[in-house]
Amino acid sequence: MKHSILAAILLCTVGGCALREKPVLEVEAAPITFNGGEAEIENRIKSALAGRGWEIIAEQPNLIRAQYVKANAEVGAHSVTIDIPYDADSYSILYVDSENMMYDPDAGTIHRNYNRWVANLQMDIDAPL
C-alpha cells in the first residue's frame, strides 16, 4: 500500500511536468495580412512587444531581439529571448534562449507558457487596427 501511494505521487509529479512541457512554438514566415510595408510591420511588432511586457534588447535592420521576464518567488525569474526577423511580406518569431523554462534542446520542448506568450504576440501583431 505504501509503495502504491509513493508510485502514484511519483507518477503525478512526473506526469505533471510532462503536461507543462510542449514542443517549442516557432512562428516561421507568417504572412503579413495588412498593407503598410516594413515600417508598419516594425511598428506592429514593437507595439505588440510593449503591450505584452517584452523588452527590446537589440535591433538591426529587419530584426528585433526581445526578452520577457516573469518573476517567480519560488524558483527565480523565468525569462525567454526571441528573435523576430521581418520584411514587407512576412515575419517570424524564433526561440533564442531561456532560463527556468524547462527547455530541452534534445526533445525540442519548453514550458507551455512560452508557447502562450509567443501565440499572444502573433495574435497582437496580426490584429486589425
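Check the entry above for the structure.
So, here's what we can say about the structure. Model, not experiment: these values are computed from the prediction. (Residues numbered from 1 in each chain as written. Predicted model: local features only at pLDDT ≥ 70, side-chain atom pairs only at ≥ 80, totals over all residues. Heavy atoms only, no water.)

1. Points about the nonpolar core
Soluble globular proteins: nonpolar side chains tend toward being buried together. Operational definition: Put simply, a nonpolar core is a bunch of buried Ala, Val, Leu, Ile, Met, Phe, Trp, Tyr and Cys residues held in one set by side-chain atoms that sit within 4.5 Å of each other. Note on classification: 1.4 Å probe, protein chains only; a residue is buried when its accessible area is under 20% of the maximum for its type, exposed when over 50%, partly exposed between these limits. Only DSSP runs of H or I with at least four residues qualify as helices, and only runs of E with at least two residues qualify as strands; both kinds are numbered from the N terminus onward. Residues count as neighbours in contact if any of their non-hydrogen atoms are within 4.5 Å of one another.
Counting 26 residues, the largest nonpolar core has Leu 49, Trp 54, Ile 82, Tyr 91 and Ile 93 as the members making the most contacts within it. Looking at this core, the elements that each hand over two or more residues are strand 2 (27-31), helix 2 (37-51), strand 4 (63-70), strand 5 (78-85), strand 6 (90-99) and helix 3 (112-126). Discounting chain neighbours no more than four positions away, the residues touching Ile 93 are Leu 25, Glu 26, Val 27, Ile 82, Asp 83, Ile 84, Val 118, Leu 121, Gln 122 and Ile 125.

2. Structural notes on the packing of helix 2 against helix 3
Counted only if it meets this: Angles run from 0 to 180 degrees between N-to-C directions of axes, and those axes are lines fitted to C-alpha atoms, restricted for helices to the stretch in contact. Each angle gets one of four labels, with under 35 degrees taken as roughly parallel, over 145 as roughly antiparallel, 65 to 115 as roughly perpendicular, and the rest as oblique. The hand of a helix crossing depends on one turn: near helix anticlockwise from the far one by less than a right angle means left-handed, and clockwise means right-handed. Only Asp, Glu, Lys and Arg are considered charged, only Ala, Val, Leu, Ile, Met, Phe, Trp, Tyr, Cys and Pro nonpolar, and every remaining residue, Gly among them, polar.
The N-to-C vectors of helix 2 and helix 3 enclose an angle of 135 degrees; their axes lie 9 Å apart at closest approach. The angle between helix 2 and helix 3 falls in the class oblique. For the crossing formed where helix 2 meets helix 3, the hand is right-handed. Between helix 2, through Ile 41, Arg 44, Ile 45, Ala 48 and Leu 49, and helix 3, the contact on the second element is made entirely by Leu 121, Asp 124, Ile 125 and Asp 126. Taken together, the residues that form the contact of helix 2 with helix 3 break down as six nonpolar, no polar and three charged.

3. Structural notes on the packing of aromatic side chains
Short version of the rule: Stacked, edge-to-face and tilted are the three classes for Phe, Tyr and Trp ring pairs, Trp counted by its six-membered ring, which pair at centre distances within 6.5 Å; planes under 30 degrees apart are stacked, over 60 edge-to-face, the rest tilted.
Within this structure, the stated rule accounts for four aromatic pairs. With 4.7 Å between their ring centres and 55 degrees between their planes, Tyr 68 and Trp 117 make a pair best called tilted. Of this pair, Tyr 68 sits in strand 4 while Trp 117 sits in helix 3, and the two are 49 residues apart along the sequence. Owing to a relative accessible area of 14%, Tyr 68 belongs among the buried residues under this scheme. The buried category is assigned to Trp 117, whose relative accessible area is 8%.

In short, the description is geometric, and any link to function would need to be established separately.
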